[in-house]
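Report on the structure
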Amino acid sequence: MREQLNNIKAQAEEALSSVSSIQELENVRVKYLGKKGELTAVLRGMGALSAEERPVIGQLANEVRQFIEDILTKKMKELAEAEKRIRLEKEKIDITMPGRTRSFGKRHPLTQVIDEIKEVFLGMGYQIAEGPEVELDYFNFEAMNIPKNHPSRDVQDTFYIDGNVVLRTHTSPVQARVMKTQKPPIRIICPGRVYRSDEVDATHSPVFHQIEGLVVDKGVTMGDLVGTLQVFAKALFGEDTKIRLRPHHFPFTEPSAEVDVSCWSCHGSGCRVCKGEGWVEILGAGMVSPKVLRECGIDPDEYSGFAFGLGVERVAMARFNIDDMRLFTENDVRFLMQF
Ligand code: PHE
């Protein structure tokens, strides 16, 4: 029996020296120390021993058990350490790796310009008005003193839905819609999309944007119009910007003018941006025609007003030095992200 115990000790030591996982270790433990293990089997046979031998063998058996348990504990510790090390290695985070960057969107340059212009006029106490893009011929033309067969319809040829309904050619019909529903004092701007049957080229598009402005009150003068446009031009193009009014004709204003701003690029000396002019045309304006006021239910003897209509694409091209209008609608992110 002594020999049997020594064999178990030697075998267990041998087996434990080569285990490489916790599972293997557990197998060895069961094999030698488990309920049906080899050591247990030997202890069961101790009943057959003499009274002198029993304590001696009992002690030896305890020593063998202790010996094996010590190795098991030591091995267990080693294997647990090793497994932890491997897990940490696997889960290691490389803090030098660059993070995932998010790309941020941006407002379209036309939207930026519209928002900026809105801010300027909101600051002067204006309200934002809106009107339909699919508009009655009446509001787009008739109410604006452009009767059927009037020659100025030629330059504003558009898309006809039917005889009475058109895609609006300008934001001016919103003037009539506002005057018919609001009492003076009126101070509005109306940004919006407009349509004309123009061929596409670098400076023309069948769809573009305007911002209409309308002020109606007692005693409004051309001086108010000029002052307002001056404030607007400086706010948008810089403090040293000048404006220039050239006489023009619009059926719905009297007198009428086309308005230029001094070139933001060369400050008037002439360059590529202003095509050597020193000035760039950005809007049409004038005093609201008494005929239009009357048509919209406002007494021209009591009230007067001014109106202007500005081309958003023109202003944006000017602001951002863009030389082709088509770029606004091509939706090339490389282009749009520059502004
Ligand atoms: N509606 C005119 C256009 O589209 C611009 C304009 C608006 C002129 C208001 C005078 C007053 O050309």
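Just so we're clear, the structure is a prediction, and the values are computed from it rather than from any experiment.

Tallying secondary structure elements over the protein chain gives twelve helices and nine strands in all. A compact globule built from 339 residues would reach a C-alpha radius of gyration of about 20 Å, whereas the protein chain, at 46 Å, exceeds it by more than 25%. Per-residue burial over the protein chain gives 42% buried out of 339 residues. The long-range fraction of contacts in the protein chain, counting pairs at least 24 apart against all pairs at least 6 apart in sequence, stands at 65%. Accessible surface computed for the protein chain: about 19,500 Å², of which carbon and sulfur atoms make up 51%. Of the charged side chains in the protein chain, 44 are positive and 50 negative; the average position of the first set lies 7 Å away from that of the second.

In this model, the second largest pocket occupies a volume close to 180 Å³. Around the second largest pocket, the lining comprises 13 residues; the ones closest to its centre are Leu110, Val207, Glu313, Phe328 and Thr329. Mapped by element, the contributors of at least two residues to the lining of the second largest pocket are strand 5 (207–217) and helix 11 (327–330).

The next thing to look at is the pattern of salt bridges. Taken as a whole and judged by the stated rule, the model has 19 salt bridges. Measuring nitrogen to oxygen at the nearest pair gives 3.5 Å for the salt bridge that ties Glu142 to Arg153. With Glu142 in the loop between helix 6 (137–140) and strand 3 (165–167) and Arg153 in the loop between helix 6 and strand 3, this pair connects stretches of sequence that are eleven residues apart. Between Arg246 and Glu258 there is a salt bridge, with its nearest N and O atoms 3.1 Å apart. Taken as a pair, Arg246 in strand 6 (residues 243–250) and Glu258 in strand 7 (residues 253–262) lie far apart in primary sequence, twelve residues in all.

Moving on, we get to the site of the ligand. The full set close to the ligand counts 15 residues, and His170, Ser172, Arg196, Gln210 and Gly309 are the nearest of them. Arg196 is positioned with one of its side-chain polar atoms (N or O) 2.9 Å from an oxygen atom of the ligand. Gln210 has a polar side-chain atom sitting 2.9 Å from an oxygen atom of the ligand. Look at the ligand: alone it shows 330 Å² of surface, and the protein chains cover 92% of it. Elements that contribute at least two residues to the shell around the ligand include exactly strand 5, strand 8 (279–288) and strand 9 (304–311). Ranked by residue count, the leading element in the shell around the ligand is strand 9, at three residues. Of the residues in the shell around the ligand, the class split is five nonpolar, eight polar and two charged.

What follows concerns the UniProt feature "domain: Aminoacyl-transfer RNA synthetases class-II family profile" (unreviewed entry) in the protein chain. Per the UniProt annotation, the sites labelled "domain: Aminoacyl-transfer RNA synthetases class-II family profile" (unreviewed entry) are residues 111–338. Span residues 111–338 is 29% helix and 29% strand, its end C-alpha atoms 14 Å apart.

We now examine the domain arrangement of the protein chain. Along its sequence, the protein chain is organised into domain 1 (2–91) and domain 2 (109–336). On a C-alpha basis, the centroid separation for the pair domain 1 and domain 2 is 96 Å.

Glancing now at the nonpolar core. Counting residues in hydrophobic clusters, the biggest one holds 45 residues, and the most contacted among them are Leu283 and Phe308. Ignoring any residue separated from it by four or fewer positions in sequence, one finds Leu283 in contact with Leu229, Phe232, Ala257, Glu258, Val259, Phe308, Gly309 and Leu310. Ranked by size, the runner-up nonpolar core spans 24 residues in total, among them Val174, Met179, Ile188 and Leu293.

Thresholds, definitions, all that
- Residues numbered from 1 in each chain as written.
- Predicted model: local features only at pLDDT ≥ 70, side-chain atom pairs only at ≥ 80, totals over all residues.
- Heavy atoms only, no water.
- Helix = DSSP H or I, 4+ residues; strand = E, 2+ residues; numbered from the N terminus.
- Rg over C-alpha atoms; globule rule 2.2 N^0.38 Å.
- Buried < 20%, exposed > 50% of the residue type's maximum accessible area, 1.4 Å probe, protein only.
- Contact = heavy atoms within 4.5 Å.
- Areas by Shrake-Rupley, 256 points an atom, 1.4 Å probe, with all protein chains shown as cover.
- Lys, Arg positive; Asp, Glu negative; His and termini not counted.
- Charge placed at Lys NZ, Arg CZ, Asp CG, Glu CD.
- 1 Å grid on protein atoms, 1.4 Å probe; cavity = no way out; pocket = protein on both sides within 12 Å on 5 of 7 lines; lining within 4 Å.
- Points joined across faces, edges and corners; volume = space filled by probe spheres on them.
- Salt bridge = Lys/Arg side-chain N within 4 Å of Asp/Glu carboxyl O.
- Near = heavy atom within 4 Å.
- Polar contact = N/O pair within 3.5 Å; in protein donor to acceptor, adjacent residues only side chain to side chain.
- Nonpolar A, V, L, I, M, F, W, Y, C, P; charged D, E, K, R; others polar.
- UniProt positions renumbered as here; feature names shortened; annotations may be inferred.
- Domains from an automatic or database assignment.
- Core = buried A, V, L, I, M, F, W, Y, C linked by side-chain atoms within 4.5 Å.

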